[in-house]
Amino acid sequence: MSNNESNTFLAQQKMSDAVKGDLAEHPEKYVMLSGDRPTGRLHLGHYFGTLKERVMLQDAGIKTNIIIADYQVITDRDTTENISDNVLNMVIDYLACGIDPAKTMIFTHSSVPALNQLMLPFLSLVSESELLRNPTVKAEKEASGHALTGLLLTYPVHQACDILFCKGNIVPVGKDQLPHIEQTRQIARRFNERYANVFPEPVGLLNDSVEIPGLDGRKMSKSYGNAISLASTAEETAKLIKKSQTDSDRNITFDPETRPGVSALLTTAALTTGRSEREIAEEIGDGGSGTLKKYVTESVNAYLEPIRERRRELERDIPYIREVLAEGNKLANDVAETTLNEVREAMGMVY
């Protein structure tokens, strides 16, 4: 990390801490935007990484908005196969985890034209080199080995549209997403300086949660096949954990560097029981991986059972799920049209 990047991070950390200190006293000051790409089922990593925090912010009285970023699926994929099913199941997961549509606006990219129309003025506020420096864009360019699509190149600007259309001023993020927030702040600042003061400069609310590893020790990911889906049955979860990679040492210890598989299981158990990894490891002792896997399976299934029970109820009422999405999309369109009208007025484009 360069000195400039380090200074930027420290500044954002300071802003995040200040907001966290103020949230409990003045929740009415804040508007939160968060979201997911509907590329598959949400899993335990999503739950502990973002879903729990969204529910907490919602229940604290903060105005919360969740975008299902269906247009962003095609930034790096050439198909939208299964996207409708993925979107509906994402709404089911949200509600099963405690998101309340009476308090949180849930909507999809493709259903809110005025949100996406903000891309045009926003694109005029950033340079090509600034977009190419964005870590997500840079990483994808290096990994793919082929030319970037225009949509992927402008991905950070689209994220700025998502946040700013509803005047979002806090965005729960991990450290790796801070460059996106900084670019959004830059776009808001440039628009306000060039035209009129329309947008807040959002703060990245740094997530303190432990990143839950996948069952092979790598990051939990749908693409790695190492994730415990919220939609999985208890039996499917047991089979997945049973197949997880460990090692031949019967003495269970927490050592993420040299024993990633065993340590990943211990972290999963810790998150779902509220205990520490080392405490669990000491209890299992020489019981070996079989005893560890049994403990993890029971812990995960017990933790997820209320969510899964609610999920089963919601799956039986798809018309209600569609109604939640339709209502969220209607609300989002009202918000986006209001903001777009403010933008037009600021730019002198009301005819």
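Here the residue index of a chain counts from 1 through its sequence in written order. Totals for whole chains, interfaces and linings use all residues, but because this is a predicted model, local features are given only for residues with pLDDT of at least 70 and pairs of side-chain atoms are given and counted only at 80 or more. The side-chain values count all of the structure's non-hydrogen atoms but skip hydrogen atoms and water molecules.

Student: Can you explain the overall build of the protein? Please cite residues and give values.
Tutor: The helix and strand tally for the protein stands at 15 helices and five strands. The size measure is the radius of gyration over C-alpha atoms, and the globule rule it meets is 2.2 Å times the number of residues to the 0.38 power. At 22 Å, the protein has a C-alpha radius of gyration in line with the 20 Å of a compact globule built from 351 residues. Projected onto its principal axes, the C-alpha positions of the protein cover 75 × 50 × 50 Å. Two residues qualify as a contact provided that any one of their heavy atoms is within 4.5 Å of a heavy atom in the partner residue. Long-range contacts, defined here as pairs at least 24 residues apart, represent 76% of the contacts in the protein between residues at least 6 apart. Only the protein chains shown count as covering a residue, and every accessible area follows the Shrake-Rupley method with a 1.4 Å probe. Summing over all exposed atoms, the protein offers an accessible surface of approximately 16900 Å²; the carbon and sulfur share of this is 50%. His is not counted here, nor are the chain ends, while Lys and Arg score as positive and Asp and Glu score as negative. Positions of charges follow a simple convention, taking NZ of Lys, CZ of Arg, CG of Asp or CD of Glu. Across the protein, the centroid of the 39 positively charged side chains sits 2 Å from that of the 50 negatively charged ones. Numbering goes from the N terminus for both helices and strands, where a helix is a DSSP run of H or I of at least four residues and a strand is a run of E of at least two.

Student: Outline helix α15 (residues 318–346), supporting the account with residue identities and numerical values.
Tutor: Here α15 is 29 residues long and its end C-alpha atoms lie 42 Å apart, about the 42 Å a rise of 1.5 Å per residue gives. Residues of α15 that are buried: Ile321, Val324, Leu325, Gly328, Asn329, Ala332, Ala336, Thr339, Leu340 and Val343. Backbone geometry just downstream of α15 places Gly348 in the positive-phi region, at approximately 70°. A helix is expected to span 1.5 Å for every residue after the first. Partly exposed describes any residue whose relative accessible area lies between the buried limit of under 20% and the exposed limit of over 50%, with all areas from a 1.4 Å probe on protein chains only and scaled to the type maximum.

Student: Give me the pairing of strand β1 (residues 31–36): which residues, what numbers.
Tutor: Burial runs high along β1: five of the six residues are buried. Between any two strands, pairing holds if DSSP finds at least two bridges. Here β1 pairs with strand β2 (residues 63–68) via six bridges, running parallel. Counted as the bridge partner of Ser34 is Ile66 from β2. Convention used here: a crossover is right-handed provided that the path from the first strand, over the helix, to the second strand proceeds clockwise when the strands point away from the viewer. Assessed by its sense of winding, the connection that carries the chain from β1 through helix α2 (residues 44–59) to β2 is right-handed.

Student: Residue-level account of the packing of aromatic side chains, with values.
Tutor: In summary, the pairing rule links any two rings of Phe, Tyr or Trp, Trp by its six-membered ring, whose centres are within 6.5 Å, and it sorts them by plane angle into stacked for under 30 degrees, edge-to-face for over 60 and tilted for everything else. Taken as a whole and judged by the stated rule, the model has seven aromatic pairs. Plain terms: the ring middles of Tyr47 and Tyr303 are 5.9 Å apart, the flat faces sit at 75° to each other, and that makes the pair edge-to-face. Here Tyr47, found in helix α2, pairs with Tyr303, found in helix α14 (residues 288–315); they are 256 residues apart in sequence, far enough to count as distant. By relative accessible area, which is 9% here, Tyr47 ends up buried. You can call Tyr303 partly exposed: its relative accessible area is 24%.

Student: So, the packing of helix α13 (residues 277–284) against α14: which residues are in play, and what are the values?
Tutor: Close contact between α13 and α14 brings their axes to 10 Å; oriented N to C, the two are set at 130°. The orientation of α13 relative to α14 falls into the category oblique. When you trace α13 past α14, the crossing you get is right-handed. Residues Ile280, Glu283 and Ile284 of α13 form the contact with α14, whose participating residues are Gly288, Thr291, Leu292 and Tyr295. Class assignment of the residues belonging to the contact of α13 with α14 gives a composition of four nonpolar, two polar and one charged. Working convention: axes come from line fits to C-alpha atoms, limited for helices to the stretch in contact. Angles between N-to-C directions cover 0 to 180 degrees. By definition in this entry, angles of less than 35 degrees are roughly parallel, angles greater than 145 are roughly antiparallel, angles of 65 to 115 are roughly perpendicular, and the rest are oblique. Crossing handedness is defined as follows: a turn of the near helix away from the far one that is anticlockwise and smaller than a right angle gives a left-handed crossing, while the clockwise case is right-handed. Under the grouping applied here, Gly and all other residues not named as nonpolar or charged are polar, the nonpolar ones being Ala, Val, Leu, Ile, Met, Phe, Trp, Tyr, Cys and Pro and the charged ones Asp, Glu, Lys and Arg.

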